[in-house]
Amino acid sequence: MNKFIVAIIACSFIFISCKKESCPAPESPSLIGLWQGKYGGTTSYPNLGYSALFRSNGTVRIFDGTDTATATKAEGTYTLSGSTVTATYTYLGSGPQYSISATVDSKFSFLEGTYGSGTNTTNGGKWFMVKK
């Protein structure tokens, strides 16, 4: 009987002293991924398709449309500083260059901003996107 009690006590110490495996931390919200939305002129509400693929290496592919297979494509770079995203991109085949600036929400699910020609991020129009 004493051996049985000693075995139970020993097993109790083993179970009490073992740590449970900690759960992995949830991923932080990120800009990386596909975003889709609309853009428009300076005086009109955005109503034309617009998409962006933000990559982890600081590059971005812009699509003039929500169908990324058929849309005109541009390549560029972006930066994220706090909740402000800025990017400059050029359409493939030596096309025009545009720049954008936007504010991203705290959940990294909604972008809203302005665009312009060259390195100007204003005077072109407004745009918004949601993360897919």
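Residues numbered from 1 in each chain as written. Predicted model: local features only at pLDDT ≥ 70, side-chain atom pairs only at ≥ 80, totals over all residues. Heavy atoms only, no water.

(A) Layout of the packing of aromatic side chains. Under the criterion given, the structure shown has 10 aromatic pairs. Consider the rings of Tyr89 and Tyr91, whose centres lie 5.9 Å apart with planes at 75°: the pair is edge-to-face. A single burial state applies to Tyr89 and to Tyr91, both of which are buried. Ring geometry for Tyr89 versus Tyr98: centroids 6.2 Å apart, planes at 35°, classification tilted. Among the aromatic residues, ring-to-ring pairing joins Tyr39, Tyr50, Tyr115 and Trp127 into one connected group. (Phe/Tyr/Trp six-rings, centres within 6.5 Å; stacked < 30°, edge-to-face > 60°. Buried < 20%, exposed > 50% of the residue type's maximum accessible area, 1.4 Å probe, protein only.)

(B) Quick look at the pattern of salt bridges. Overall, the coordinates contain 2 salt bridges when judged by the stated rule. A salt bridge links Glu75 to Arg55; the shortest N-O distance between them is 3.0 Å. Of the two residues, Glu75 is situated in strand β4 (residues 72-81) and Arg55 in the loop between β2 (48-54) and β3 (59-64); the sequence distance between them amounts to 20 residues. According to the relative accessible area criterion, Arg55 is partly exposed, its value standing at 23%. Between Arg61 and Glu75 there is a salt bridge, with the nearest N and O atoms lying 2.4 Å from each other. Of this pair, Arg61 sits in strand β3 while Glu75 is found in strand β4, placing the two residues 14 residues apart along the sequence. Residues joined by salt bridges that share partners form a network here, namely Arg55, Arg61 and Glu75. (Salt bridge = Lys/Arg side-chain N within 4 Å of Asp/Glu carboxyl O. Helix = DSSP H or I, 4+ residues; strand = E, 2+ residues; numbered from the N terminus.)

(C) Here's a closer look at the side chain of Gln36. Checked against the element boundaries, Gln36 lands in strand β1 (residues 33-40). When near neighbours in sequence (up to four residues on either side) are disregarded, Gln36 contacts Tyr50, Ser51, Thr66, Met129, Val130 and Lys132. (Contact = heavy atoms within 4.5 Å.)

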